[in-house]
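Next come the chains, spelled out residue by residue.
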Amino acid sequence: MKLDRVRMITLCAMFAAVTAIFAQIEIPLPIVPISGQTLAVGLTATILGSRYGAVAMLCYVGMGAIGLPVFAEAKGGAQVLVGPTGGYIFGFIVTAFVTGWILERTKFNLTWALVANTIGMVITLVMGCIQLKYVLDMSWTQALAVGVYPFIVVGLIKAFLASWIGITVRKRLVHAKLLRVSKLEKAAS
């Protein structure tokens, strides 16, 4: 049991690092860049589930909060978290938990992963839009135009990729006995 816990903590740290790497893959836009972070969040939740997915994202946010350059554009520090894009970053924690939670209560397959990751994308966009609106003192129309609409199509593509790759990797990790299937997941199967 202790070995499983160490393995899961190691996986959480690895996925926090993967998220930091994916954050550097970006398409710059004026206020909020399109980055690989949300793909990494979806992968993390699809592979690790709710609890460990959220822990991995807490670890990622914590690394950035103390100043490590893990956010998009190699930024770090608390100022990023209270800035225009901070809502998206805090949304990663909620997104990872909810995405994993849905999969644990349904089934870890491509269809449910796509549903869960799409809902996760919406959560991230909503949380990001709310903070963007208030930090930049925008109207809701402006916040949606800048912080949601440009990300819908690419978000759906990332949701599909996170689902497809995540389910494939998860199955292989379970088969290799590197990832255990939870009691809740067994009951849902």
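Before reading on, note that the structure itself is shown above.
Thresholds applied
Residues numbered from 1 in each chain as written. Predicted model: local features only at pLDDT ≥ 70, side-chain atom pairs only at ≥ 80, totals over all residues. Heavy atoms only, no water. Helix = DSSP H or I, 4+ residues; strand = E, 2+ residues; numbered from the N terminus. Rg over C-alpha atoms; globule rule 2.2 N^0.38 Å. Contact = heavy atoms within 4.5 Å. Areas by Shrake-Rupley, 256 points an atom, 1.4 Å probe, with all protein chains shown as cover. Lys, Arg positive; Asp, Glu negative; His and termini not counted. Charge placed at Lys NZ, Arg CZ, Asp CG, Glu CD. Expected span 1.5 Å × (residues − 1). Bend = angle between axes of the 7 residues up to and from the residue. Buried < 20%, exposed > 50% of the residue type's maximum accessible area, 1.4 Å probe, protein only. Salt bridge = Lys/Arg side-chain N within 4 Å of Asp/Glu carboxyl O.

(A) Representation of the overall build of the chain within the structure. Of regular secondary structure, the chain possesses eight helices and two strands. Over its C-alpha atoms the chain spans a radius of gyration of 16 Å, differing by no more than 12% from the 16 Å that the globule rule assigns to 189 residues. In terms of overall dimensions, the chain has C-alpha extents of about 50 × 35 × 25 Å along its principal axes. Considering only intrachain contacts with a sequence separation of at least 6, the fraction spanning at least 24 residues in the chain is 69%. Working note: accessible area of the chain is about 9500 Å², and carbon and sulfur atoms make up 73% of it. Distance from the positive charge centre (16 side chains) to the negative charge centre (6 side chains) of the chain: 13 Å.

(B) Here's a closer look at helix α2 (residues 37-65). Here α2 spans only 16 Å end to end across 29 residues, well under the 42 Å set by a 1.5 Å rise per residue. Approximately 135 degrees is the largest bend angle found in α2, and it occurs at Gly 49. Burial of α2 is extensive: 21 of the 29 residues sit out of reach of the surface. Just downstream of α2 lies Gly 67, where phi reads positive at about 110 degrees.

(C) Up close: helix α4 (residues 86-105). The terminal C-alpha atoms of α4, which comprises 20 residues, lie 29 Å apart, in line with the 28 Å expected from a rise of 1.5 Å per residue. The largest bend in α4 is about 30 degrees, located at Phe 92. Within α4, 14 of the 20 residues are buried, leaving the element largely enclosed by the surrounding structure.

(D) Region of interest: the pattern of salt bridges. Evaluated as defined, the whole model comprises four salt bridges. Here Arg 180 makes a salt bridge to Asp 4, at a shortest N to O gap of 3.1 Å. Taken together, the residues Arg 180 in the loop between α7 (152-175) and α8 (183-188) and Asp 4 in helix α1 (residues 2-22) connect sequence positions 176 residues apart. For Arg 180, a relative accessible area of 53% puts it in the exposed group. We note a salt bridge from Glu 73 to Lys 75, for which the minimum N-O separation is 2.9 Å. Residue classification places Glu 73 among the partly exposed positions, given a relative accessible area of 37%. One connected set of salt bridges, linked through shared partners, spans Asp 4, Arg 7 and Arg 180.

(E) Molecular detail of the environment of Ala 23. With respect to the helices and strands, Ala 23 occurs in the loop between α1 and β1 (26-27). In this structure Ala 23 comes out as buried when scored by relative accessible area, which is 0%. Taking the C-alpha atoms as reference points, Ala 23 and Gly 100, separated by 77 residues in sequence, lie 21 Å from one another.

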